[in-house]
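# Close look at the chain arrangement
Residue-level listing of the chains:
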Amino acid sequence: MALTIWHNPRCSTSRKTLALLTERGLTPTVRLYLTEPPTRDELTAVLAASGLTARGLLRAKEPLAAELGLKQADEDTILAAMVAHPILIERPVVISGDRAALGRPPEAVTEIL
């Protein structure tokens, strides 16, 4: 089964999640989502696979979220903002087949492995 992590190497939680996967003998495809951003369709698929809402995947503490007024925005607006500005996507996201999970905390991804 294909395993992918949307990863930011500057994020300690993302590094811990990647380490957790490799310690279990797994070799995920590492997608540096800031330089290879997901499309709207990919984000929509991850939301469906994880059960999260766009708001649930939003990196709300990112200053850009406040600048764009996303606190009160609807799901479609948040999704469009994440497509345009991938820094707004919370990380890491692990995708395993037709399931996905946000690695916060890193152990949260074990339920989809």
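Every chain is numbered on its own, with residues counted from 1 as its sequence reads. Predicted model: local features are reported for residues with pLDDT of at least 70 only, side-chain atom pairs are reported and counted for 80 or more only, and whole-chain, interface and lining totals are derived from all residues. By convention in this description, side-chain values take in all heavy atoms of the structure and omit both hydrogens and water.

### Observations regarding the packing of helix H2 (residues 40–50) against helix H5 (residues 75–84)
Two quantities define a packed helix pair, namely the angle between the helix axes and the distance between the axes. Inclusion rule: Between the N-to-C directions of two axes lies an angle of 0 to 180 degrees, each axis being a line fitted to C-alpha atoms and, for a helix, fitted only over the stretch in contact. A run of DSSP states H or I qualifies as a helix once it reaches four residues; a run of E qualifies as a strand once it reaches two. Both are numbered from the N-terminal end. Geometric relationships in this document are graded by angle, where less than 35 degrees denotes roughly parallel, more than 145 denotes roughly antiparallel, 65 to 115 denotes roughly perpendicular, and other angles denote oblique. Note on convention: the crossing is left-handed when the near helix lies turned anticlockwise from the far helix by less than a right angle, right-handed when the turn is clockwise. Any pair of residues with heavy atoms lying within 4.5 Å of one another is described as a contacting pair. Side-chain classes are defined by residue name, with Ala, Val, Leu, Ile, Met, Phe, Trp, Tyr, Cys and Pro counting as nonpolar, Asp, Glu, Lys and Arg as charged, and the others, Gly among them, as polar.
Between H2 and H5, the shortest axis-to-axis distance is 9 Å and the interhelical angle comes to 125°. Considering the angle they form, H2 stands oblique to H5. Judged by the twist between their axes, the crossing of H2 over H5 is right-handed. Residues Arg 40, Leu 43, Thr 44 and Leu 47 of H2 form the contact with H5, whose own contacting residues are Asp 76, Leu 79, Ala 80, Met 82 and Val 83. Considering only residue class, the contact of H2 with H5 consists of 6 nonpolar, 1 polar and 2 charged.

### Some details on unusual backbone geometry
With an omega of -5°, the peptide bond running from Arg 91 to Pro 92 counts as cis. Cis geometry is adopted by the peptide bond preceding Pro 105, which originates at Arg 104 and carries an omega value of 0°. As for its placement among the helices and strands, Pro 105 is situated in the segment after strand E4 (99–102).

### Remarks on helix H1 (residues 12–23)
The test is simple: Every helix has an expected span of 1.5 Å times one less than the residues it contains.
A rise of 1.5 Å per residue sets the reference length of H1, with its 12 residues, at 16 Å; its end C-alpha atoms lie 16 Å apart and thus fit the reference within 8%. Where H1 is buried, its residues touch strand E1 (3–7), strand E2 (29–32) and strand E3 (93–96). Taken from the residues just after H1, Gly 25 is the one with a positive phi, measuring 80°.

### Re the sheet that holds E3
Spelled out, the test is: Only strands joined by at least two bridges in the DSSP assignment are considered to pair.
What the 4 strands build is an open sheet, ordered E2-E1-E3-E4; its pairing is mixed. Where the open sheet ends on each side, the last strands, each with one partner, are E2 and E4. Across this sheet, the average inter-strand angle for adjacent strands is 20°, counted without regard to direction. Contacting E1, E2 and E3, H1 runs over the sheet at an angle of about 160° to E1. On the sheet, H2 packs against E1, E2, E3 and E4 and is oriented at approximately 90° with respect to E4.

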